[in-house]
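Overview (structure and organization)
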Amino acid sequence: MVQPHARWVRISHWIVAASVLTLSVTGFEILMVHPRLYWGAAGNDLTPALIELPISRNYRHGGYTPPTPLARNSAGPTSAERTYDIFNKNGWGRSLHFLAGWFLVVPGVVYLLIGLVDGHFRKNIWPTADAVPGGPQYNLRQKVAYSCVVFVAAPLMVITGLTMAPAVTAAFPLLLQVFGGYQSARTIHFAVFVALLLFVIGHVVMVAKSGFWRQLRAMTIGE
Amino acid sequence: MKLKSRLVTRRGAIAAGLASVGGFALWRSPKDLPPTYGSLLRMGDNLTYAAHRALLPRQALVTEYTDKDITSFPAIGTTNPAASGPPDRANAYRRMQGGSFADWRLPIEGLVAKPRTFSLAELKQLPSRTQITRHTCEEGWSAIAQWTGVTLGTILDAAGILPAARFVLLHSYDGFANSIDMLDALHPQTIVAYGMNGQDLSVPHGAPLRLRVERQLGYKGLKYLQRITVVNEFDDGGEQGDLANGWAWYTGI
């Protein structure tokens, strides 16, 4: 028996779903522009990468003049001029990412507040073995998955995202220390994205296996 | 019935939440916001800008690093205006470069009491500021370097900035322009830099003078400065600016 979802759950579910889809597409575009991940504060084409992803023509493009020393110390940092026309659609990619971010953060905060006050989290989401009658009957594994997404992964995405914002870390430098630097936050942002992508795939497969149209009705018209 | 009345309250709460976010956008008068030309993306940029200005401490300083944190630094975009700038500016740049920029002059004009120009030697005589900061590129990479220069506030003060000033517009020899609001213009870490890692700024990195706006992304730090204009209405340089080229004007995120 599929239980209908409360209206505020249905509304926030679909706003966040649309936002997450947009964030995923634009986030992937942004990663395509610089498909190298690092650890620490700084990383660029002239420093070693932690991971290089073959997802655009920018992957190992090597379009630089020979490096020259940036200071008197010739063994120290270098500079080189880029000679390669890279793939870059960040003009719209970044702005759309942040616009979609507003549609994650605002409904997300409202969802968290209502869920807390309303008892929805305590009754239906927080991983306890007891089934509470009257709401969606999730098993323990579902509750663990939903709790990880709602209380850990989604907030972590927002916070690591904000750690990449120079105006935000000027106000809250602690963020850089917590995540180990700007590039570390960027790498964590990507790792949590991969985890959330796996969750979404699993979520859609489970919905399909348990009666796709019935589940869709429960999350749209609430029947 | 009880359930229904609670739903209305929740919807009211959601509406109040959205209205308060919208309020940030209205908190600044439309004159203080960049135009959107009806673009949803630019509206989102303005919401972020207004939220940052409303919620973040106005003079917070970015993290400064130490000598040992300095990294390699790619030079991207224009790396030599003499080769790629608009012909008139390219020629002018080539001439000045031949004379080690002794003939280079930086005019400060617009809403200032005493419009004037600065030579490189005059700028170097003003009180200097050296900072080791992180350059964050919109592409996703970052690099740390030491910058030496004069705070933009110092040179604006020297020209006598007028109370009506709202934005600072900068033009460059590579044919780009850019503007920042007064809050970033007068920020203690916003400098016009003539030195990088203890040496004169090299041509690929913006010789003889570039802007550093540390609370925004790298592309706000215009290289090859040609002139500075103080304005009372939003102006990012028209066709040479961020918006006309499809980029966000405010990049604190």
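The following paragraphs examine the structure supplied in this document.

Conventions used here
- Residues numbered from 1 in each chain as written.
- Chains lettered and ligands numbered in written order.
- Predicted model: local features only at pLDDT ≥ 70, side-chain atom pairs only at ≥ 80, totals over all residues.
- Heavy atoms only, no water.
- Helix = DSSP H or I, 4+ residues; strand = E, 2+ residues; numbered from the N terminus.
- Buried < 20%, exposed > 50% of the residue type's maximum accessible area, 1.4 Å probe, protein only.
- Lys, Arg positive; Asp, Glu negative; His and termini not counted.
- Salt bridge = Lys/Arg side-chain N within 4 Å of Asp/Glu carboxyl O.
- Polar contact = N/O pair within 3.5 Å; in protein donor to acceptor, adjacent residues only side chain to side chain.
- Contact = heavy atoms within 4.5 Å.
- Pairing = 2+ DSSP bridges.

**Observations concerning the side chain of Glu29(A)**
Residue and element names in this part refer to chain A.
- Note that Glu29 resides in helix H1 (residues 7-33).
- No salt bridge is formed by the buried Glu29. Its closest oppositely charged neighbour is Lys89, at 7.9 Å.
- At a separation of 3.3 Å, a polar atom in the side chain of Glu29 contacts the main-chain amide nitrogen of Asn90.
- When residues no more than four places from it in sequence are discounted, the contact partners of Glu29 are Phe87, Asn88, Lys89, Asn90, Trp92 and Gly93.

**Notes on the sheet that holds strand E3 (residues 68-69) of chain A**
- The mixed open sheet is built from three strands, whose spatial order is E3(A)-E4(A)-E1(B). The sheet is open, and its two edges are formed by E3 of chain A together with strand E1 (73-75) of chain B, each paired on a single side.
- The sheet contact formed by strand E4 (residues 78-81) of chain A and E1(B) spans three bridges and is parallel. Bridge pairing links Glu81(A) to Ala75(B) in E1(B).

**What to know about the environment of Ile15(A)**
All names here are of chain A.
- Mapped onto the elements, Ile15 comes out in helix H1.
- As a C-alpha pair, Ile15 and Leu104 span 89 residues in sequence and 7.6 Å in three-dimensional space.
- If sequence neighbours within four positions are ignored, Ile15 has contacts with Phe103 and Pro107.

**Details of the pattern of salt bridges**
Residue and element names in this part refer to chain B.
- Overall, the coordinates contain 15 salt bridges over all chains when judged by the stated rule.
- Asp200 is the salt-bridge partner of Lys124, the closest N and O atoms lying 3.2 Å from each other. Residue Lys124 is located in helix H5 (residues 120-125), and its partner Asp200 is located in strand E9 (residues 199-200); the two are separated by 76 residues in the primary sequence.
- On the basis of relative accessibility, which here comes to 55%, the residue Asp200 falls in the exposed class.
- A salt bridge links Lys220 to Asp242; the shortest N-O distance between them is 2.9 Å. Of this pair, Lys220 sits in the loop between strand E10 (210-212) and strand E11 (225-231) while Asp242 sits in the segment after E11, and the two are 22 residues apart along the sequence.

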